[in-house]
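Chain and residue survey
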Amino acid sequence: MNWIAVVGTFAALCSTISFVPQAWRIVTTRDTRAISPVTYGFTVTGFALWTAYGLGLGEWPLILTNSICFVISAFILMMTLLPRQKKEAIADQIDPSS
């Protein structure tokens, strides 16, 4: 594996993993007041477009990493937009101990 592939792999891992702590925090605290829906709307759109771009090129690294980022950021956006009661119901399904 050459250094460019190593850098690309590490960048993809960092990008993909970066949304997990925020999503988990939402599940455990049910608090999304500090999250901008507009910002996450652009983020979700960007990942959808990157996924489409990867599909157009047939590049699985782009497709896989951006699809995962799309799903996690879409979850964060959805939890931000949902009313408190629905947000809590979803969070209870994911982590009943909270």
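Summary of the structure given here. This is a predicted model, so every value here is computed, not measured. (Residues numbered from 1 in each chain as written. Predicted model: local features only at pLDDT ≥ 70, side-chain atom pairs only at ≥ 80, totals over all residues. Heavy atoms only, no water.)

1. Focus on the environment of Gln-85
Within the secondary structure, Gln-85 is located in helix 5 (residues 84–94). What makes Gln-85 exposed here is its relative accessible area of 69%. (Helix = DSSP H or I, 4+ residues; strand = E, 2+ residues; numbered from the N terminus. Buried < 20%, exposed > 50% of the residue type's maximum accessible area, 1.4 Å probe, protein only.)

2. Brief notes about the packing of helix 2 (residues 20–29) against helix 4 (residues 60–81)
Where helix 2 contacts helix 4, the axes come no closer than 9 Å and their chain directions differ by 35°. The way helix 2 lies across helix 4 gives a crossing that is left-handed. Contacts between helix 2 and helix 4 involve Val-20, Gln-22, Ala-23, Ile-26 and Val-27 on the former and, on the latter, Ile-72, Phe-75, Ile-76 and Met-79. For the contact of helix 2 with helix 4, the per-class residue count stands at eight nonpolar, one polar and no charged. (Axes fitted to C-alpha atoms, helices over the stretch in contact; angles between N-to-C directions. Left-handed = near helix turned anticlockwise from the far one by under 90°. Contact = heavy atoms within 4.5 Å. Nonpolar A, V, L, I, M, F, W, Y, C, P; charged D, E, K, R; others polar.)

3. Some words on the environment of Gly-46
The residue Gly-46 is located in helix 3 (residues 37–57) in this model. Judged by relative accessible area, Gly-46 falls into the partly exposed class, the value being 24%. With 23 residues separating them along the chain, Gly-46 and Cys-69 place their C-alpha atoms 9.8 Å apart.

4. Focus on the pattern of salt bridges
With the rule as written, the count across this model stands at four salt bridges. Where Arg-33 meets Asp-31, a salt bridge forms, and the shortest distance between an N and an O atom there is 2.9 Å. Salt bridges linked by common partners bring Arg-25, Asp-31 and Arg-33 together as one network. (Salt bridge = Lys/Arg side-chain N within 4 Å of Asp/Glu carboxyl O.)

5. Thoughts on the packing of helix 3 against helix 4
Between helix 3 and helix 4, the shortest axis-to-axis distance is 8 Å and the interhelical angle comes to 155°. Considering the angle they form, helix 3 stands roughly antiparallel to helix 4. Read as a crossing pair, helix 3 and helix 4 show a hand that is left-handed. (Parallel < 35°, antiparallel > 145°, perpendicular 65-115°, else oblique.)

6. Focus on the nonpolar core
The biggest cluster of nonpolar side chains holds 15 residues, and the ones touching the most others in it are Phe-19, Tyr-40, Phe-75 and Ile-76. If you list the elements that add at least two residues to this core, you get helix 2, helix 3 and helix 4. Considering every element that reaches this core, the biggest residue donor is helix 4, with six residues. Leave out the neighbours within four places in its chain, and Ile-76 touches Phe-19, Gln-22, Ala-23, Ile-26, Ile-35 and Tyr-40. (Core = buried A, V, L, I, M, F, W, Y, C linked by side-chain atoms within 4.5 Å.)

7. Comments concerning helix 4
With 22 residues, helix 4 extends 31 Å from end C-alpha to end C-alpha; this agrees with the ideal 32 Å at 1.5 Å per step. Residues of helix 4 that are buried include every one of Ile-63, Thr-65, Asn-66, Cys-69, Ile-72, Ser-73, Phe-75, Ile-76, Leu-77, Met-79 and Thr-80, and no others. Among the structural elements, helix 1 (3–17), helix 2, helix 3 and helix 5 are those in contact with the buried residues of helix 4. (Expected span 1.5 Å × (residues − 1).)

8. As for the packing of aromatic side chains
Overall, the coordinates contain three aromatic pairs when judged by the stated rule. Each member of the aromatic cluster is reached from another via a ring pair, and the members are Phe-19, Tyr-40 and Phe-47. (Phe/Tyr/Trp six-rings, centres within 6.5 Å; stacked < 30°, edge-to-face > 60°.)

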